[in-house]
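# Tertiary structure, described
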Amino acid sequence: METDLRKKLGRDKRLRRSDYFDYIGGTSTGAIIAAGLSLGMSVEQLIDFYTNKGRDMFDKNSLLKKWKALYDSGPLEEMLKDVFGRKTDINLKNGYFKCLLLVVTMNRSTDSPWPISNNPKAKYNDMSRSDCNLKIPLYQLVRASTAAPVYFPPETVQWDKIDPEKTFVFVDGGVTPYNNPAFLLYRMATQPAYNLNWKVGEDKLLIVSVGTGSAPSAGTYNNLANTALNIPGNLMYAM
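Overview of the structure. Computed from a prediction, not measured in an experiment: that's the story for all the values here.

### Re the pattern of salt bridges
Following the criterion strictly, the structure yields 12 salt bridges and no others. Between Glu2 and Arg6 there is a salt bridge, and its shortest N-O distance comes to 3.2 Å. Separated by four residues within a single helix, Glu2 and Arg6 lie in helix H1 (residues 2-9), roughly one turn from each other. Accessibility assignment for this pair places Glu2 and Arg6 in one class, buried. With a shortest N-O distance of 3.3 Å, Arg6 and Glu44 are connected by a salt bridge. Here Glu44 lies in helix H4 (residues 43-57) and Arg6 lies in helix H1, a separation of 38 residues in the sequence. Note on Arg6: relative accessible area 8%, which makes it buried.

### Some remarks on H1
Of the residues making up H1, those classed as buried are Glu2, Leu5 and Arg6. Projected down its long axis, H1 shows its buried positions confined to an angular sector of 100 degrees, all on one face. In H1, the exposed positions angled more than 90 degrees off the buried face are occupied by Asp4, Lys7 and Lys8. Immediately beyond the C-terminal end of H1, within one or two residues, lies Gly10, with a positive phi of roughly 65 degrees.

### As for the packing of aromatic side chains
Scanning the model with the defined rule gives nine aromatic pairs in all. Look at Trp114 and Trp159: their rings are 5.2 Å apart centre to centre, the planes differ by 85 degrees, and that puts the pair in the edge-to-face class. Taken as a pair, Trp114 in strand E5 (residues 112-117) and Trp159 in the loop between strand E6 (155-158) and strand E7 (167-172) lie far apart in primary sequence, 45 residues in all. Per residue, the accessibility class of Trp114 equals that of Trp159, and both read buried. Here the aromatic cluster, defined as three or more aromatic residues joined through ring pairs, consists of Trp114, Trp159, Phe168 and Phe170.

### A few points about helix H6 (residues 138-145)
Each α-helix turn comprises 3.6 residues. Residues three or four places apart therefore point the same way. Burial analysis of H6 places eight of its eight residues in the buried class, the great majority of the element. All of the buried residues in H6 are Leu138, Tyr139, Gln140, Leu141, Val142, Arg143, Ala144 and Ser145.

### A closer look at the environment of Tyr237
On the secondary structure map, Tyr237 appears in helix H8 (residues 224-238). Spatially, the C-alpha atoms of Tyr237 and Leu80 are 27 Å apart, while their sequence positions differ by 157 residues.

### What to know about the layout of surface pockets
In this structure, the second largest pocket encloses a volume near 410 Å³. Forming the boundary of the second largest pocket are 17 residues, of which Pro115, Ile116, Lys123, Tyr124 and Asn133 lie nearest the centre. The biggest single contributor to the lining of the second largest pocket is E5, with five residues. Partitioning the lining of the second largest pocket into residue classes produces 11 nonpolar, three polar and three charged.

Cut-offs used in this document
- Residues numbered from 1 in each chain as written.
- Predicted model: local features only at pLDDT ≥ 70, side-chain atom pairs only at ≥ 80, totals over all residues.
- Heavy atoms only, no water.
- Salt bridge = Lys/Arg side-chain N within 4 Å of Asp/Glu carboxyl O.
- Helix = DSSP H or I, 4+ residues; strand = E, 2+ residues; numbered from the N terminus.
- Buried < 20%, exposed > 50% of the residue type's maximum accessible area, 1.4 Å probe, protein only.
- Arc of directions from axis to C-beta.
- Phe/Tyr/Trp six-rings, centres within 6.5 Å; stacked < 30°, edge-to-face > 60°.
- 1 Å grid on protein atoms, 1.4 Å probe; cavity = no way out; pocket = protein on both sides within 12 Å on 5 of 7 lines; lining within 4 Å.
- Points joined across faces, edges and corners; volume = space filled by probe spheres on them.
- Nonpolar A, V, L, I, M, F, W, Y, C, P; charged D, E, K, R; others polar.

It is worth stressing that arrangement in space is one thing and function is another; only the former is reported here.
Take a look at the structure:
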């Protein structure tokens, strides 16, 4: 897609997705991709990141820790810090971002999906709030969105630095109905509650949904073990 856009617009390799798209969102590993694209990284840079660092992300836990998670989150967190910065927050005014970003995660403390965007007009992005979304480090949001149950430990974030009670535990956004966040992006861009109020219509709005893979598992639920193993995948595939 990036190559096609460069040809269509007569641009060189300096063209980025964030030069063309106004809002990019992602869930789980898609959050890594979306964050990189919204910061102005090229697709080639992201492919290199996955190719060179992908195996290192999955550092197996010791046998004693495997009852909590199969993999240690430390290497992944360090890589996210290296790529996105240790102090990079999601405030557009800091100049890190080239377009709007949405990251989907799941707040297990409240048992609710938490889609976090850097839309400066959103209610919970008011910088006067002590629990403002824009103050959360980008690497931590992405790490929360990629905390796949069983694979990685949850991510704990103190949302309000002056209120310890607003400390929440997050897991992978893929366990929410927004594993594919395309329709959620549409709603957040057009519904009055989010204050962007983008115009709708085929001549005014373009949505591109890019999947990171699918895994249908056809068959019957003929025993308890088979049912337990297949239902999560079936739900995510349906979403």
